[in-house]
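Okay, here's what each chain looks like letter by letter:
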Amino acid sequence: MLETLLPILIFTALALAAIGAVRRIRLWRQGRPSPVNLFKGLAALPRRYLVDLHHVIGRDKMISNTHVATAGGFVAAAVLMILVHGLGIANPLLGGLLLLASASMFVGSLFVARRRINPPKRLSKGPWMRLPKSLMAFSIGVFLITLPTVGLLPEGLLEGGGSWLLALVLAGVVAWGLGEMFFGMTWGGPMKHAFAGALHLAFHRRAERFSTKKGGVGRSTGLKALNLEDEAAPLGVEKPADFTWNQLLGFDACVQCGRCEAVCPAFAAGQPLNPKKLIQDMVVGMAGGSDAAYAGSPYPGKPVGEHAGAPHAPIVAPVVMKEGKALVDADTLWSCTTCRACVEECPMMIEHVDAIVDMRRHLTLERGKTPNKGAEVLDNLIATDNPGGFDPSSRLNWAADLNLPLMAVLKQVDVLLWLGDGAFDMRNQRTLRALVKVLRAAEVDFAVLGTEERDSGDVARRLGDEATFQSLAKRNIATLAKYRFLQIVTCDPHSFHVLGNEYGELGGVYDVRHHSTFIAELFDAGRLTFTPWKGGRVTYHDPCYLGRYNGEYEAPRNVLKALGIEVKEMERSGFRSRCCGGGGGAPITDIPGERRIPDMRMNDVKESGAEVVAVGCPQCTAMLEGVVDASAEVRDIAELVADALVESPAADTSRRPTATTMAEEVIV
Amino acid sequence: MQPDLHQKQQQQGIDVAVLVSIGRHPTTGRARRAEQDARGLELALAMEAELPGTRISMLHAGSQDDSSEAALRGYLGMATGVGMGLESMTLLEQPEGSDAIPALAKHLAATSPQLVITGARAERGEGSGLLPYALAEHLGWPLVNSLASVEKVENGVVTLLQALPRGQRRRLKVRLPAIISVDEAAPAARQSAFGPARRATFEITPTSPEADSELAQWHLAPARKRPKRLKIVKAASARDRFKAAASKSEGKGGQVLTDVTPEQGAEAIYKLLKEEDVLR
Ligand code: SF4
Ligand code: SF4
């Protein structure tokens, strides 16, 4: 009886899964086109899954092993089951393998079940709670029906008189398993993540983020430049269907593991943002419906079940809908600091930040609804090329006594020192002065653009004002094109990221270095000597745009080590560093929460027991120094280095030759 | 519901013309939407939201070039809702240096809006603030300056709130048509959005330009910055600093020197600079 029932069950499930797959693909294809090399993507899939994805999952060894056992067991069992029970190839070897596979899957599912006993808050409940049972049903069912195939059970057992009942029960268990695993995979059950996730990895919108065989991970911005020349081209994302198809596919891959939620500074601060919920809302929007079925933590302060959306309905309610709620409220989108902690933690490689900025673009460019100081800052950027509205001709006032060499005079140097908007900020001017002192001590051939420099466009872009970003970027690129230099050095990681990773698309390709990287190189080349550190304990705060965005975790630590400082690491440091709250225009849009992000970060500093927190970003400096009653002093790496400099006249003369312009030799 | 309905019937939308000029950023001198004119448009947009049926038209007299177009689009970008009727603006084309008043007056007389809103003073050119008055004189309409808000329009009479010094307000009833001018007392202008600004079009209307003969005789030069007196604050606590910053300083001391030789004068100035710690 089972022999006839099983193939029917299996092929029905497969057929239903195929129908579901077509429907799901249709949902994704509502999105805008996005060119992807399908074949190359599929070819890269195994590596992306086995190396990159497991690199992230592997941070939690327990889950990683569980997943290998369960998923590996399932894939093998599914294929073998189709062969053995579907096509009736009752080969004992295949049967044996099938037993093994289903056993492995069963063991895995036990661990899945154990995790669900007292699940951490970040995990979603709902259908996810039944998943371990479904996994068990599938694995036990498959195991039992395979026993006769390998002759471990007398074939007749299931054929005997009253055994039809047993057979029916078994068939029921298998049907349950098949329902969850095959049918649910494409019809929106928890197993959807496997189907969508695999395709998402293959057709990822930011393919350069994956490692290659040559090693190394590509650093890039996920933000694609808008086409502003074409008036018909849309400005950002208004409706779920305005995302590109592979973004929609990416949202669908979410496993609701909540790792993003656990690291999100805005969520921790009680601001109305939860990256997991946001991704789930996008899934709701792409299929149409309300968020009532969501079974995870809500956006702080916003109950679940009040929002709904549709693929072609606005995500954020337009002004005309007074009191109206759509899929997501605007303050959710404006809470994000673009720190990328969520992107870094997401095992499914989902790109939250880019989606958020895409939606912000619509709000800013089409609706003129940048909250709080947003409009003022953007107006300032347009009128004065800096967010503070300062007179652009005063950009170099802080250095009136420093006699800084100007690009306009020298035309050609080794290092172009990019000042950033910190040049207008009294606190950051101290950092800049320190940096100049260090460059002079190492006899670096450098110059500044001075009043020719403009804001890099970082804030404008994160606030969704792509037009102002491109205007600033293009003018900066035109200015830089007038001069010759080997590299740009800056003490601002935001400028660093924008100049290095975002200007390329607009035609400006530069070798950019953060000052910590550059100082580390100078030290390694023996061009700097330091007196040993005598101060107290020091910790280091990784800026998001230096660390997670650009992978530079080592150089700042090497510089501190060179100073004789042993860094007391905070619990969250390196790629897990917690944002200072200053990125993405968050201090400008200033969405209220229950706590302040910089307060939480200074608390991390306090817990590390450090008396000094070394930073490498003007924004971090401002945010962390703004914390009242802080237990630690905030010092930029450049300041610490400048304080420790030993000026050795002997070395001076011996090094003269290296100080000649290298640009000449290389470029000319 | 009855009185509400009654009121609704009496309130009716009207035709509003907003006069906009090209502004000048105080620090960089870049062309932009003028601050006060933008507030004027904001007022009109608020009226449109309150009074269904209100139609806004925007009017600018001047030449058309790239930088002025970008500035004018700054106004057009304020209409971000669907069907706000600001998909275009009328541009009375005339060369730089022409008198805007005759062109505007002629156009307004021909199109006869019920309400004309304008900023009190332009940010470039003469900036004398006379335009609203000259227009009112030309058209023979009443003018209300320094407007804070438009409260309601009933049977051809508009109720206005005029701003007076020290936050005082005066309620006025004015028969339409009328001209109102706005300054810093009116609500700040909303953000201008790139998309609608880019899509909007200009309806270019040629005029018979009249050269501004008076302006041509003027000699224009950048204003000299008047030096600000330094305020020396000796404060130990944040509270003292705040008090010092918030309080108005009264002039005290000082001396008037008359009939002195240049040397004596220089001596006195030098002494003062030393006292004030400007020279050390
Ligand atoms: S977005 Fe990524 S990290 Fe967040 S819940 Fe989904 S899969 Fe997990
Ligand atoms: S980028 Fe940072 S603030 Fe934004 S959602 Fe992700 S974790 Fe939260």
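Residues numbered from 1 in each chain as written. Chains lettered and ligands numbered in written order. Predicted model: local features only at pLDDT ≥ 70, side-chain atom pairs only at ≥ 80, totals over all residues. Heavy atoms only, no water.

**Q** Could you give an account of the overall build of chain B, with specific residues and numbers?
**A** Broken down by element type, chain B carries 9 helices and 12 strands. By principal-axis analysis of the C-alpha atoms, chain B measures approximately 75 × 50 × 40 Å. Burial status across chain B gives 38% buried among its 280 residues. For chain B, restricting intrachain contacts to residue pairs at least 6 apart in sequence, the fraction spanning at least 24 positions comes to 72%. Put simply, chain B shows about 17,300 Å² of open surface, and 52% of that area lies on carbon and sulfur atoms. (Helix = DSSP H or I, 4+ residues; strand = E, 2+ residues; numbered from the N terminus. Buried < 20%, exposed > 50% of the residue type's maximum accessible area, 1.4 Å probe, protein only. Contact = heavy atoms within 4.5 Å. Areas by Shrake-Rupley, 256 points an atom, 1.4 Å probe, with all protein chains shown as cover.)

**Q** Tell me about the UniProt feature "transmembrane region" (unreviewed entry) in chain A, and name the residues and values.
**A** Residue and element names in this part refer to chain A. Residues annotated by UniProt as "transmembrane region" (unreviewed entry) correspond here to residues 6-22, 68-87, 93-113, 134-152 and 164-183. Between the end C-alpha atoms of residues 68-87 there is a gap of 27 Å, over a span that is 95% helix and 0% strand. The distance separating the terminal C-alpha atoms of residues 164-183 is 26 Å; by composition the span is 100% helix and 0% strand. (UniProt positions renumbered as here; feature names shortened; annotations may be inferred.)

**Q** Describe in detail the site of ligand 2, supporting the description with residues and values.
**A** Every residue near ligand 2 is listed here: Cys264, Pro265, Leu273, Pro275, Cys336, Thr337, Thr338, Cys339, Arg340, Ala341, Cys342 and Val353 of chain A. Here the residues of the shell around ligand 2 are counted per class, giving 9 nonpolar, 2 polar and 1 charged. (Near = heavy atom within 4 Å. Nonpolar A, V, L, I, M, F, W, Y, C, P; charged D, E, K, R; others polar.)

**Q** Account for the packing of helix α3 (residues 61-86) of chain A against helix α5 (residues 131-146) of chain A, naming residues and giving values.
**A** Residue and element names in this part refer to chain A. Taken N-terminus to C-terminus, the directions of α3 and α5 make an angle of 40 degrees; their axes are 11 Å apart at the nearest point. In terms of their interaxial angle, α3 and α5 are classed as oblique. In this structure, α3 meets α5 at a crossing whose hand is left-handed. Between α3, through Thr70, Phe74, Ala77, Met81 and His85, and α5, the contact on the second element is made entirely by Leu135, Phe138, Val142, Ile145 and Thr146. The residue makeup of the contact of α3 with α5, split by class, is 7 nonpolar, 3 polar and no charged. (Axes fitted to C-alpha atoms, helices over the stretch in contact; angles between N-to-C directions. Parallel < 35°, antiparallel > 145°, perpendicular 65-115°, else oblique. Left-handed = near helix turned anticlockwise from the far one by under 90°.)

**Q** Describe the layout of surface pockets, naming the residues involved and giving the relevant values.
**A** In this approach, a probe sized like a water molecule rolls over the atoms, and the result shows the empty space that is left. Taken as a whole, the largest pocket encloses approximately 1,500 Å³ of empty space. Residue lining of the largest pocket: 43 residues in total, with Asp379 and Ile382 of chain A together with Ala70, Gly74 and Ser192 of chain B positioned closest to the centre. At the level of elements, α14 (352-366), α15 (374-384) and α19 (466-480) of chain A together with β3 (31-33), α2 (35-50), α3 (66-76) and α6 (194-199) of chain B are the ones that each hand at least two residues to the lining of the largest pocket. At 8 residues, α15 of chain A tops the list of elements feeding residues into the lining of the largest pocket. (1 Å grid on protein atoms, 1.4 Å probe; cavity = no way out; pocket = protein on both sides within 12 Å on 5 of 7 lines; lining within 4 Å. Points joined across faces, edges and corners; volume = space filled by probe spheres on them.)

**Q** Mind laying out empty space enclosed by the protein, listing which residues take part and the relevant values?
**A** All names here are of chain A. Counted according to the given criterion, the structure contains 6 cavities of 30 Å³ or more. Within this model, the largest cavity holds a volume of roughly 120 Å³. Residue lining of the largest cavity: 14 residues in total, with His200, Arg205, Asn246, Gln247 and Glu351 positioned closest to the centre. Top element by residues in the lining of the largest cavity is helix α8 (residues 245-252). It accounts for 4 residues. When grouped by side-chain class, the residues that make up the lining of the largest cavity number 3 nonpolar, 6 polar and 5 charged.

**Q** Outline helix α25 (residues 618-625) of chain A, listing residues and values.
**A** When α25 of chain A is considered as a whole, its buried residues turn out to be Pro618, Cys620, Thr621, Met623 and Leu624 of chain A. Looking at the buried positions of α25 of chain A, the neighbouring elements they touch are α17 (426-441), α20 (493-502), α23 (586-589), α24 (597-607), β8 (612-615) and β9 (633-636) of chain A.

**Q** Which residues make up the site of ligand 1, and what values go with them?
**A** What surrounds ligand 1 is the set Cys254, Val255, Gln256, Cys257, Gly258, Cys260, Lys276, Cys346, Pro347, Met348, Ile350 and His352 of chain A. Grouping the constituent residues of the shell around ligand 1 by class yields 8 nonpolar, 3 polar and 1 charged.

**Q** Go over the domain arrangement of chain A with me, naming the residues and quoting the values.
**A** How big an interface is tends to be stated in terms of the accessible area lost upon association of its parts. Split into domains, chain A comes out as domain 1 (2-203), domain 2 (240-366) and domain 3 (375-667). Placing a centre on the C-alpha atoms of domain 1 of chain A and another on those of domain 3 of chain A gives a separation of 50 Å. (Domains from an automatic or database assignment.)

**Q** Any chance you could break down the pattern of salt bridges for me, citing the residues and the numbers?
**A** A pair can form between side chains of opposite charge whenever their charged atoms are brought close. Residues and elements named next belong to chain A. Under the defined criterion, the tally for this structure stands at 53 salt bridges over all chains. In this structure, Arg59 and Glu344 form a salt bridge, with 3.0 Å as the shortest nitrogen-oxygen distance. One end of the pair, Arg59, is in the loop between α2 (38-57) and α3; the other, Glu344, is in helix α13 (residues 341-345), and 285 residues separate them in sequence. In this structure, a network of salt bridges that share partners links the residues Asp358, Arg361, Asp458, Arg461, Arg462, Glu466 and Glu502. (Salt bridge = Lys/Arg side-chain N within 4 Å of Asp/Glu carboxyl O.)

**Q** Provide a residue-level description of the pairing of strand β5 (residues 88-93) of chain B, including the pertinent values.
**A** Residues and elements named next belong to chain B. In terms of strand pairing, strand β4 (residues 55-62) meets β5 through 4 bridges, oriented parallel. Bridging across to β5, Ala61 finds its partner in Leu92. By the bridge criterion, 6 bridges tie β5 to strand β12 (residues 201-206) in an arrangement that is parallel. For Ser88, the partnering residue across the bridge sits in β12 and is Thr201. (Pairing = 2+ DSSP bridges.)

**Q** Give a detailed account of a nonpolar patch on the surface, specifying residues and quantitative values.
**A** Where nonpolar side chains cluster on the molecular surface, the patch consists of Leu230, Ile269, Tyr270, Leu273, Val278 and Leu279 of chain B and spans about 560 Å² of accessible area. Tracing the backbone shows Leu279 of chain B in the segment after α9 (262-275). (Patch = residues over 30% accessible without salt bridge, like charges linked within 9 Å, V, L, I, M, F, W, Y side chains within 5 Å.)

**Q** Provide a residue-level description of the interface of chain A and chain B, including the pertinent values.
**A** Taken together, the contacts link 25 residues of chain A with 13 residues of chain B. Buried surface at the junction of chain A and chain B, both sides included, amounts to about 1,500 Å², of which 47% is carbon and sulfur. In terms of surface lost to chain B, no three residues of chain A exceed Glu231, Glu366 and Ala383 of chain A, which account for 32% of the buried area on that side. Linking chain A with chain B are 3 salt bridges, by the criterion used here. Counting across the interface, chain A meets chain B through 11 residue pairs in polar contact (both at pLDDT 80 or more). Of all the secondary-structure elements, those providing two or more residues to the side of chain A that touches chain B are α14, α15 and α19 of chain A. (Buried area = accessible area lost by both parts, 1.4 Å probe. Polar contact = N/O pair within 3.5 Å; in protein donor to acceptor, adjacent residues only side chain to side chain.)

**Q** I'd like a description of helix α6 (residues 163-186) of chain A, backed by residues and values.
**A** Residues and elements named next belong to chain A. Helix length check: α6, at 24 residues, gives a terminal C-alpha distance of 34 Å against a target of 34 Å (1.5 Å per residue), a fit within 8%. At Gly179, α6 shows its maximal bend, which comes to roughly 35 degrees. Note on α6: the residue one or two positions beyond its end, Gly188, has a positive phi of about 100 degrees. (Expected span 1.5 Å × (residues − 1). Bend = angle between axes of the 7 residues up to and from the residue.)

**Q** Before we move on, can you summarise the environment of Phe194 of chain B with the specific residues and values?
**A** Looking at the element boundaries, Phe194 of chain B is found in helix α6. Residue class for Phe194 of chain B comes out partly exposed when judged on its relative accessible area of 26%. Separated by 120 residues in the primary sequence, Phe194 of chain B and Gly74 of chain B have C-alpha atoms spaced 8.2 Å apart. Filtering out sequence-adjacent residues up to four positions away, Phe194 of chain B remains in contact with Leu228, Leu235, Leu365 and Ala467 of chain A.

**Q** Which residues make up unusual backbone geometry, and what are the values?
**A** Cis geometry marks the peptide bond from Leu176 of chain B to Pro177 of chain B; its omega dihedral reads 0 degrees. For Pro177 of chain B, the position within the fold is in the loop between β10 (169-175) and β11 (178-182). Of note in this structure, Asn403 of chain A is not a glycine but carries a positive phi near 55 degrees. Given the relative accessible area of 66%, Asn403 of chain A is considered exposed. Residues other than glycine seldom take positive phi values, yet Asp277 of chain B does so here, at roughly 70 degrees. On the accessibility criterion, Asp277 of chain B (47% relative accessible area) is partly exposed.

**Q** I'd love a proper account of the sheet that holds strand β1 (residues 15-19) of chain B, names of residues and values included.
**A** All names here are of chain B. Spatial strand order, β7-β11-β6-β1-β4-β5-β12: 7 strands in an open sheet with parallel pairing. What marks the edges here is a single partner per strand, and that holds for β7 (143-144) and β12. One ladder, built from 4 bridges, connects β1 with strand β6 (residues 115-119); its direction is parallel. Bridged to Ala17 within β6 is Val116. Packing of α3 onto the sheet brings it into contact with β4, β5 and β12, and relative to β5 it is tilted by some 145 degrees.

**Q** Go over the packing of α8 of chain A against helix α11 (residues 275-287) of chain A with me, naming the residues and quoting the values.
**A** All names here are of chain A. Between α8 and α11, whose axes approach to 8 Å, the crossing angle comes to 120 degrees. When you trace α8 past α11, the crossing you get is left-handed. Only Ile279, Met282, Val283 and Met286 of α11 make contact with α8, whose side of the interface consists of Leu248, Phe251 and Asp252. Considered class by class, the residues forming the contact of α8 with α11 number 6 nonpolar, no polar and 1 charged.

**Q** Please give an account of the sheet that holds strand β9 (residues 157-163) of chain B that cites residues and values.
**A** Residues and elements named next belong to chain B. As summarised here, the arrangement of the 3 strands in space is β8-β9-β10, forming an open sheet in which the pairing is antiparallel. In this open sheet, the two edge strands, each paired with only one partner strand, are β8 (147-154) and β10. Averaged over all adjacent pairs, the angle separating strand axes in this sheet is 20 degrees, with direction ignored. By the bridge criterion, 7 bridges tie β9 to β10 in an arrangement that is antiparallel. Paired with Gln162 across the two strands is Arg170, which belongs to β10.

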